[in-house]
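Structural overview for review
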Amino acid sequence: MAGETVITIVGNLTADPEIRTLSNGGTVANFTIASTPRVYNSQANQWEDGQALFLRCSAWRDLASHCAQTLRKGMRVIAQGRLQQRSYQAQDGSNRTVIELQVDEIGPSLKYATAQVQKMQSGSYQGCNANGGYQQPQQPQQQSQAPADDPWGAPAGETDF
């Protein structure tokens, strides 16, 4: 990912994520995050909303499904990903350019809320091996029972990669 612009944005979802299944079987979730800074107005002696930034976002594959299952309109989220610029010609013939966030990580903000975390099982995940390459998913093996208070569902020290 050298040379890509990676950003983190904190804001609220303007609508529920819209999930689509593509012709190749892949899934994508699209949504918009509104990030509104708070600024202190010393003359009025109060906090006020600044200019809102509306950033269109997309999440792919398993992350798309997780977003659609978890995120809802109005939720405060923290998202990290890569900014991508795309140009196209609109139906009226004008040239347009948009900047979108290809989301790599996203989750609810715990500043004003709580969340229950549940690890999802996925057959399509391919983790990195020690050499930085990808490894093929292995057949599930018998695992010991996870402690009841372990949100990831695996005993401490065990990982998927």
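If you check an unreviewed UniProt entry, the protein appears there as Single-stranded DNA-binding protein from Bifidobacterium adolescentis L2-32. According to the UniProt record, the Subunit (unreviewed entry) comment for the protein reads "Homotetramer."

With that settled, the discussion passes to the nonpolar core. In terms of nonpolar packing, the biggest core is built from 15 residues, with Phe31, Ile33 and Leu101 touching the most fellow members. Listed by contribution, the elements that provide at least two residues to this core are β1 (6–13), β3 (27–35), β6 (53–60), α1 (61–70), β7 (76–89) and β8 (95–108). Ignoring sequence-local partners within four residues, the contact set of Phe31 consists of Leu13, Pro17, Leu55, Arg56, Cys57, Ala59, Cys67, Val103 and Ile106.

As a further point, take the confidence of the model for the protein. Of the residues in the protein, 75% have a pLDDT of 70 or more, and the chain-wide mean is 82. Scored below 50 in pLDDT, residues 124–144 makes 25 contacts in the model with residues more than four places away or belonging to other chains.

What follows is about the side chain of Arg82. Mapped onto the elements, Arg82 comes out in strand β7. Within the local environment of Arg82, its side chain forms a polar contact with the side chain of Asp104, the two groups lying 2.9 Å apart.

A few words now on the pattern of salt bridges. Overall, the coordinates contain five salt bridges when judged by the stated rule. Ionic pairing is found between Arg82 and Asp104, a salt bridge with its closest N-O pair at 2.9 Å. Of the two residues, Arg82 is situated in strand β7 and Asp104 in strand β8; the sequence distance between them amounts to 22 residues. You can call Arg82 buried: its relative accessible area is 18%. It is possible to trace a salt-bridge network through shared partners that takes in Glu4, Arg82 and Asp104.

Each value, and the rule that gives it
Residues numbered from 1 in each chain as written. Predicted model: local features only at pLDDT ≥ 70, side-chain atom pairs only at ≥ 80, totals over all residues. Heavy atoms only, no water. UniProt positions renumbered as here; feature names shortened; annotations may be inferred. Core = buried A, V, L, I, M, F, W, Y, C linked by side-chain atoms within 4.5 Å. Buried < 20%, exposed > 50% of the residue type's maximum accessible area, 1.4 Å probe, protein only. Helix = DSSP H or I, 4+ residues; strand = E, 2+ residues; numbered from the N terminus. Contact = heavy atoms within 4.5 Å. pLDDT = per-residue confidence, 0-100. Polar contact = N/O pair within 3.5 Å; in protein donor to acceptor, adjacent residues only side chain to side chain. Salt bridge = Lys/Arg side-chain N within 4 Å of Asp/Glu carboxyl O.

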